[in-house]
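Take a look at the letters that make up each chain.
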Amino acid sequence: MMGAGLWIATKKIDYTWRWNRVPQYFAYVDESNVPAPYDARVVSLTRAGGTTKVKLAGESGEEGVFEVDNDSLRVSENEDLFQGDYLGSTSEWRAGPLSVGLWNTLWISAVSSVIGMIIGLVTGLCRISNNATLRSLSVAYIELIRGTPLLVQIFIFYFFLGTVLDISRIIAGISALAIFAGAYVAEIIRAGIQSIPKGQMEAARSLGMNVSQAMIHIILPQAFKRTLPPLAGQFISLIKDSSLVSVIAITDLTKSGREVITSTFATFEIWFVVAFLYLMLTSVLSQVISWVERRLSISD
């Protein structure tokens, strides 16, 4: 039904689908012309596989060897060349804008998730601390971050902190995502720890463990198993939220898609591909978390 509705809608606006253009934005062959760097004479041409080595002898005694593709060769032996004349060209595969954007989204999300997990763990422990100062600071941080939009936080980090502290847009974007995720992870960690019966801590203390040892070896491993599903949901949301860093000119998947659309006007094709790539990332993460859950459930 969705496919039929989409087909009817595009027919009404007379839209022409150009799916054949999409693959080149993942990978393409880049051809670069190789010019003569000085006035010279072609001394020899040596073929080696799919390339030809062109040896030049300059009028002032310079010598150089340049490689070009066989089918692009434009010179012959003993030919006189002027500076800037093309010897031929070379071609190599390069990653397209969608591949670059996908990679940037992946590593930005991964780094933000790791930092956010650390922030959330520390803040969650402070949230249940007996120290009133730590508890108050953690509550203030959580309420402040959860009570303001991520987009606004990204703007503050980039335009205000980025200017004052002279940090790059990448650092500003990762910091905003990590601090945003940390506030939600903190509440998940707090809920997970408090869901463990108090008798677990009392039993650990009766065995001679101090509070830190009991928390690390007894409480947190149990809490981790219980918080794994909500943590997975938070990190999946972070992957999607990372698209907001495109507003500060970070070339993630969303910004790469917009740039491709600007040059091709293939609006529907590119946005569908971008949506599919986000779905692929979140689906893989979901499957990994499910596998970890099954492995941890063996001990239950």
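Residues numbered from 1 in each chain as written. Predicted model: local features only at pLDDT ≥ 70, side-chain atom pairs only at ≥ 80, totals over all residues. Heavy atoms only, no water.

## Quick look at the overall build of the protein
For step 1, the next point in the chain: Of regular secondary structure, the protein possesses 9 helices and 6 strands.
For step 2, the next point in the chain: In terms of C-alpha radius of gyration, the protein reaches 29 Å, well past the compact-globule figure of 19 Å for 300 residues.
For step 3, the next point in the chain: The dimensions of the protein, computed from C-alpha atoms along their principal axes, are 90 × 60 × 45 Å.
For step 4, the next point in the chain: Per-residue burial for the protein yields a buried fraction of 35% across its 300 residues.
For step 5, the next point in the chain: For the protein, the share of sequence-separated contacts (at least 6 apart) that also reach a separation of at least 24 residues comes to 66%.
For step 6, the next point in the chain: Element-wise, carbon and sulfur atoms account for 61% of the exposed surface of the protein, whose accessible area totals about 17300 Å².
For step 7, the next point in the chain: Between the centroid of the 24 positive side chains of the protein and the centroid of its 25 negative side chains there is a distance of 18 Å. (Helix = DSSP H or I, 4+ residues; strand = E, 2+ residues; numbered from the N terminus. Rg over C-alpha atoms; globule rule 2.2 N^0.38 Å. Buried < 20%, exposed > 50% of the residue type's maximum accessible area, 1.4 Å probe, protein only. Contact = heavy atoms within 4.5 Å. Areas by Shrake-Rupley, 256 points an atom, 1.4 Å probe, with all protein chains shown as cover. Lys, Arg positive; Asp, Glu negative; His and termini not counted. Charge placed at Lys NZ, Arg CZ, Asp CG, Glu CD.)

## A short note on a nonpolar patch on the surface
For step 1, the next point in the chain: Taken together, the side chains of Val-152, Ile-156, Phe-160, Val-164 and Leu-165 define a hydrophobic patch exposed on the protein surface, amounting to about 490 Å² of accessible area.
For step 2, the next point in the chain: Considering the arrangement of structural elements, one finds Val-164 in helix H4 (residues 150-165).
For step 3, the next point in the chain: With a relative accessible area of 56%, Val-164 lands in the exposed category. (Patch = residues over 30% accessible without salt bridge, like charges linked within 9 Å, V, L, I, M, F, W, Y side chains within 5 Å. Salt bridge = Lys/Arg side-chain N within 4 Å of Asp/Glu carboxyl O.)

## Some details on the sheet that holds strand S3 (residues 51-58)
For step 1, the next point in the chain: Ordered by their spatial adjacency, 4 strands build an open sheet running S4-S3-S2-S5, and the pairing between neighbours is antiparallel. With partners counted over all chains shown, the strands left at the sheet margins are strand S4 (63-69) and strand S5 (80-81), one partner each.
For step 2, the next point in the chain: Bridge count for strand S2 (residues 40-48) against S5 is 2 bridges, and the pairing is antiparallel. When the sheet's bridge partners are listed, Ala-40 is paired in S5 with Leu-81. (Pairing = 2+ DSSP bridges.)

## Focus on helix H7 (residues 211-241)
For step 1, the next point in the chain: End to end, H7 covers just 36 Å across 31 residues, shorter than the expected 45 Å (1.5 Å per residue, more than 12% under).
For step 2, the next point in the chain: Thr-227 marks the point of greatest bend in H7, at about 55 degrees, and the proline Pro-229 comes within the next four residues.
For step 3, the next point in the chain: Between the side-chain oxygen of the N-cap and the backbone nitrogen of Ser-212 there are 3.2 Å, and the N-cap of H7 in question is Asn-210. (Expected span 1.5 Å × (residues − 1). Bend = angle between axes of the 7 residues up to and from the residue. Polar contact = N/O pair within 3.5 Å; in protein donor to acceptor, adjacent residues only side chain to side chain.)

## Here's the deal with the confidence of the model for the protein
For step 1, the next point in the chain: Per-chain confidence: the protein averages 88 in pLDDT, with 99% of residues scoring 70 or above.
For step 2, the next point in the chain: Here helix H1 (residues 2-12) stands out as the least confident element of the protein, with mean pLDDT 77; helix H2 (residues 97-127) is the most confident, with 94. (pLDDT = per-residue confidence, 0-100.)

## Some remarks on the environment of Gly-257
For step 1, the next point in the chain: As for its placement among the helices and strands, Gly-257 is situated in helix H8 (residues 253-264).
For step 2, the next point in the chain: For the pair Gly-257 and Phe-272, spaced 15 residues apart in sequence, the C-alpha to C-alpha distance is 9.9 Å.
For step 3, the next point in the chain: Beyond its immediate chain neighbours, meaning those up to four positions away, Gly-257 contacts Leu-98, Ile-270 and Val-274.

## Thoughts on the packing of H8 against helix H9 (residues 267-297)
For step 1, the next point in the chain: Two numbers describe how H8 lies on H9: the axes approach to 9 Å, and their chain directions differ by 165 degrees. The orientation of H8 with respect to H9, classified from their angle, is roughly antiparallel. In the packing of H8 onto H9, the handedness of the crossing is right-handed. The segment H8 lies against H9, with Leu-253, Thr-254, Gly-257, Arg-258, Val-260 and Ile-261 engaging Thr-267, Ile-270, Trp-271, Val-274, Leu-277 and Tyr-278. (Axes fitted to C-alpha atoms, helices over the stretch in contact; angles between N-to-C directions. Parallel < 35°, antiparallel > 145°, perpendicular 65-115°, else oblique. Left-handed = near helix turned anticlockwise from the far one by under 90°.)

## Quick look at the pairing of S3
For step 1, the next point in the chain: Residues Thr-52, Val-54, Leu-56 and Gly-58 of S3 are buried on one face, while the alternating residues Thr-51, Lys-53, Lys-55 and Ala-57, pointing to the opposite face, are not.
For step 2, the next point in the chain: Bridge count between S2 and S3: 8 bridges; the pairing is antiparallel. Of the residues in S3, the one forming a bridge with Ser-44 is Lys-55.
For step 3, the next point in the chain: If you look at the hairpin formed by S2 and S3, you'll find 2 residues sitting between the two strands, and Gly-49 has a positive phi there, around 70 degrees.
For step 4, the next point in the chain: Pairing between S3 and S4: 7 bridges, direction antiparallel. Each bridged residue has a counterpart across the sheet, and for Val-54 the counterpart in S4 is Phe-66.

## Some details on the packing of aromatic side chains
For step 1, the next point in the chain: If you walk through the whole model with that rule in mind, you get 3 aromatic pairs.
For step 2, the next point in the chain: With 5.8 Å between their ring centres and 35 degrees between their planes, Phe-155 and Phe-159 make a pair best called tilted. Pair noted here: Phe-155 and Phe-159 are both in helix H4, with a separation of 4 residues, about one helical turn.
For step 3, the next point in the chain: For Phe-155, a relative accessible area of 31% puts it in the partly exposed group.
For step 4, the next point in the chain: You can call Phe-159 exposed: its relative accessible area is 52%.
For step 5, the next point in the chain: Through a chain of ring-to-ring contacts, three or more aromatic side chains come together here, namely Phe-155, Tyr-158 and Phe-159. (Phe/Tyr/Trp six-rings, centres within 6.5 Å; stacked < 30°, edge-to-face > 60°.)

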